[in-house]
Amino acid sequence: MSNAPVDKGRRRFLTVATSVVGAAGAVGVAVPFIASWNPSAKAKNAGAPVEVNIGKAEPGQLIRVEWRGQPVWVVRRTPEMLASLEGLADQLRDPNSEQPQQPEYASNLYRSRKEEYFVAVGICTHLGCSPQYLEDSFGEQVEGVSAGFFCPCHGSRFDIAGRVFSGVPAPYNLVVPPHYYVDDNTILVGEDGEQA
């Protein structure tokens, strides 16, 4: 041991500097560790809600978006399309949407929150094909019905509310995903929201 006097200022500086470097190192280790607890961007996108801008949708137009890796259709229905839904009950397998293929708020004739817009997962309930939207030529598939969805793979037919016709391979109506209207021009697909 040296008999030299102790430099308390130098000791204090070294103690503070060591503490600061140690704290910075602890933060440098903790931040990535805590960040690893969060889901990855890929995982977030897999189940994240999707916004759909319907502000410029023309009557009869179909808008396609992807939600959870599945196609989702938003159709702005015309008054003629809506009127055609009323007289089809005797031709449909599940006209009152009794099978749980939609949220409670879509268990109505139109299978939607707002009559004008139909939101559905664009996958046939038979074998998972993607039906075609026939805006004006659905009458070739079902007499007297101008618009609907036709699955060319096995011939399943759905009306403009996604209800399946009797006598086709598809067992259920098209699935209506949870959704709500953020405002008059935006639908959020993937969440029920608090609007009714």
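What you are looking at is a predicted structure, and each value in this text was computed from that prediction instead of being measured. (Residues numbered from 1 in each chain as written. Predicted model: local features only at pLDDT ≥ 70, side-chain atom pairs only at ≥ 80, totals over all residues. Heavy atoms only, no water.)

**Thoughts on the overall build of the protein chain**
Within the protein chain, the secondary structure is distributed over three helices and nine strands. The helix and strand sequence of the protein chain, counted from the amino end, reads α-α-β-β-β-α-β-β-β-β-β-β. Seen through its C-alpha atoms, the protein chain measures out along the principal axes to roughly 110 × 35 × 25 Å. Pairs at least 24 residues apart make up 56% of the contacts formed inside the protein chain by residues separated by at least 6 positions. Per element, the accessible surface of the protein chain, about 11500 Å² overall, is 53% carbon and sulfur. If the 17 positive side-chain charges of the protein chain are averaged to one point and the 22 negative ones to another, these points end up 19 Å apart. (Helix = DSSP H or I, 4+ residues; strand = E, 2+ residues; numbered from the N terminus. Contact = heavy atoms within 4.5 Å. Areas by Shrake-Rupley, 256 points an atom, 1.4 Å probe, with all protein chains shown as cover. Lys, Arg positive; Asp, Glu negative; His and termini not counted. Charge placed at Lys NZ, Arg CZ, Asp CG, Glu CD.)

**Concerning the nonpolar core**
Counting residues in hydrophobic clusters, the biggest one holds 24 residues, and the most contacted among them are Val-75, Tyr-133, Phe-149, Phe-158 and Ile-160. For this core, the secondary-structure elements that each account for two or more residues are β3 (70–76), α3 (79–84), β4 (117–121) and β6 (148–151). Excluding anything up to four places from it in sequence, Val-75 contacts Gln-61, Leu-62, Glu-116, Tyr-117, Phe-118, Tyr-133, Phe-149 and Ile-160. Counting residues in hydrophobic clusters, the runner-up holds 14 residues, among them Ala-57, Ile-63, Val-72 and Val-189. (Core = buried A, V, L, I, M, F, W, Y, C linked by side-chain atoms within 4.5 Å. Buried < 20%, exposed > 50% of the residue type's maximum accessible area, 1.4 Å probe, protein only.)

**Description of the domain arrangement of the protein chain**
Once the domains are mapped, the protein chain shows domain 1 (1–38) and domain 2 (45–189). In this structure, domain 1 and domain 2 have C-alpha centres spaced 63 Å apart. (Domains from an automatic or database assignment.)

**Overview of the side chain of Ser-156**
Take Ser-156: it is sitting in strand β7 (residues 156–159). Looking at Ser-156, its side chain comes within polar contact range of the main-chain nitrogen of Ala-170, at 3.0 Å. If we ignore the near neighbours within four places in the chain, the residues touching Ser-156 are Cys-124, His-126, Phe-149, Phe-150, Cys-151, Val-168, Pro-169 and Ala-170. (Polar contact = N/O pair within 3.5 Å; in protein donor to acceptor, adjacent residues only side chain to side chain.)

**Observations concerning the UniProt feature "domain: Rieske" (unreviewed entry) in the protein chain**
Here, the residues flagged by UniProt with the feature "domain: Rieske" (unreviewed entry) are residues 84–188. Secondary structure content for residues 84–188 is 1% helix and 23% strand, while the C-alpha to C-alpha distance between its ends is 27 Å. (UniProt positions renumbered as here; feature names shortened; annotations may be inferred.)

**What to know about the sheet that holds strand β2 (residues 62–67)**
Spatially, three strands are ordered β2-β3-β4 in an open sheet, and the strand pairing comes out antiparallel. Of all the strands in the sheet, the pair left with one neighbour each is β2 and β4. Along the sheet, successive strands turn relative to each other by an average axial angle of 20°, direction set aside. With six bridges connecting them, β2 and β3 associate as antiparallel partners. Its bridge partner lying in β3, Ile-63 is registered against Val-74. (Pairing = 2+ DSSP bridges. Axes fitted to C-alpha atoms, helices over the stretch in contact; angles between N-to-C directions.)

**Some thoughts on the sheet that holds strand β8 (residues 179–183)**
Taken in spatial order, the three strands line up as β1-β9-β8 in an open sheet, and their pairing is antiparallel. Whereas interior strands pair on both sides, the edge strands pair on one side only; in this sheet they are β1 (50–53) and β8. Mean inter-strand twist for the sheet, computed between neighbouring axes without regard to direction, equals 30°. Bridge analysis of β1 against strand β9 (residues 186–189) gives four bridges, and the strand direction is antiparallel. Across the sheet, residue Val-50 finds its bridge partner in β9, namely Val-189.

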